[in-house]
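# A structural walkthrough
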Amino acid sequence: MIRCIVVDDKPLAIDILNDYISKVPDLNLVFSSTNPLEALEYIMKNEVDLVFLDIQMPQLNGVQFMKIVQGKCKIVLTTAYTEYALDGFENDAIDYLLKPISFERFYKAVQKSQHYFNAKNEPQVVTQVIETTPTVDYIFVKTEYKLVKVNTDDILYIEGMQNYVAIYTKTEKIISLQNIKKMEEQLPKKQFARVHKSYMVALNKINSIERSRIYIADAVIPLGDVYRDGFYQLIAANH
């Protein structure tokens, strides 16, 4: 049983999460509060496994809260603001839930938490893992006169330009006679994300994210509103 608490300065948000928690047999709600300082005091005096934590709160924000807790319990962040996602993951948050939170998305975060606690409690055994999903190491793209092989690990980002795309790699810029939607279908979804109507990025090449800008190498890629939630959920899934 996972002992969890809910911390949010909005009573309605607490009520929603309390209701979700009651629907999951493996979760045991032991405390909830609109006051982060009160929640901190509870954590320091009691055994808590998991905290559903709002980021934007008076007195103490969620990132400050996580730094004080220092790994005493695991955190799932809840907020209406995507720009704090990177701070959350840097502080080892299990997941990042964007409000309004659906039960389906909440349950995915719970499953990630369950995997963490199950792995923590299992004896450490060295096993051989067999990869069942083939890795896409390269793709062929059509240029003006030929097909060019491009190693996926070399790709930094892709810019769509009407009926062709510019593929920016570590060493060169390749112009391909196809649209960005076709590129999205070719590339592995766990490694690449559409972040704008005109841009895709390689997740492992991102240096930093600041509000609506993604920094890769010397480039600044816009993060479109339409793609924002899906992008941060993909980052959460790969975290």
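Residues numbered from 1 in each chain as written. Predicted model: local features only at pLDDT ≥ 70, side-chain atom pairs only at ≥ 80, totals over all residues. Heavy atoms only, no water.

The relation between two aromatic rings is expressed through the spacing of the ring centres and the mutual angle of the planes. Taken as a whole and assessed by the stated rule, the structure comprises 12 aromatic pairs. Consider the rings of Tyr-138 and Phe-140, whose centres lie 5.9 Å apart with planes at 85 degrees: the pair is edge-to-face. For Tyr-138, a relative accessible area of 41% puts it in the partly exposed group. If you follow Lys-74 out to its NZ or CZ, it ends over the ring of Tyr-116, 4.8 Å from the centre. Between the NZ or CZ atom of Lys-149 and the centre of the ring of Tyr-138, over which it lies, the distance is 4.4 Å. (Phe/Tyr/Trp six-rings, centres within 6.5 Å; stacked < 30°, edge-to-face > 60°. Buried < 20%, exposed > 50% of the residue type's maximum accessible area, 1.4 Å probe, protein only. Lys NZ or Arg CZ within 6 Å of the ring centre and 35° of its normal.)

Let us now look at the pairing of strand β10 (residues 173–176). Here β10 shows a buried face lined by Ile-174 and Ser-176 and an unburied face lined by Lys-173 and Ile-175. In terms of strand pairing, strand β9 (residues 164–169) meets β10 through 4 bridges, oriented antiparallel. By the bridge assignment, Tyr-168 is partnered in β10 with Lys-173. (Helix = DSSP H or I, 4+ residues; strand = E, 2+ residues; numbered from the N terminus. Pairing = 2+ DSSP bridges.)

Attention shifts here to the sheet that holds β10. Across the sheet, 5 strands lie side by side as β10-β9-β8-β12-β11; this open sheet has antiparallel pairing. Each of the sheet's edge strands pairs with one partner strand only, and the pair in question is β10 and β11 (192–196). Adjacent strand axes in the sheet meet at a mean angle of 20 degrees when their direction is disregarded. (Axes fitted to C-alpha atoms, helices over the stretch in contact; angles between N-to-C directions.)

Attention now moves to the pattern of salt bridges. Overall, the coordinates contain 13 salt bridges when judged by the stated rule. Salt-bridge contacts for Asp-54 lead to Lys-99; the nearest nitrogen and oxygen are separated by 3.4 Å. Remark: Lys-99 occurs in the loop between β5 (95–98) and α5 (103–121) and Asp-54 occurs in strand β3 (residues 50–54); sequence separation between them is 45 residues. With relative accessibility at 28%, the residue Lys-99 sits in the partly exposed group. Here Arg-228 ties to Asp-225 by a salt bridge, and the two come within 2.7 Å at their closest N and O atoms. Residue Arg-228 and its partner Asp-225 are both found in helix α7 (residues 225–238); the two are separated by 3 residues, about one turn of the helix. (Salt bridge = Lys/Arg side-chain N within 4 Å of Asp/Glu carboxyl O.)

Taken across its 6 residues, strand β1 (residues 2–7) has 5 buried, putting it largely inside the fold. Judged from the 6 bridges that link them, β1 and strand β2 (residues 27–33) form a sheet pairing that is parallel. Paired with Val-6 across the two strands is Ser-32, which belongs to β2. In terms of handedness, the path from β1 via helix α1 (residues 11–22) over to β2 forms a crossover that is right-handed. The pairing of β1 with β3 spans 4 bridges and is parallel. Looking at β3, one finds that Val-6 is bridged to Phe-52. (Right-handed = clockwise from strand over helix to strand, strands pointing away.)

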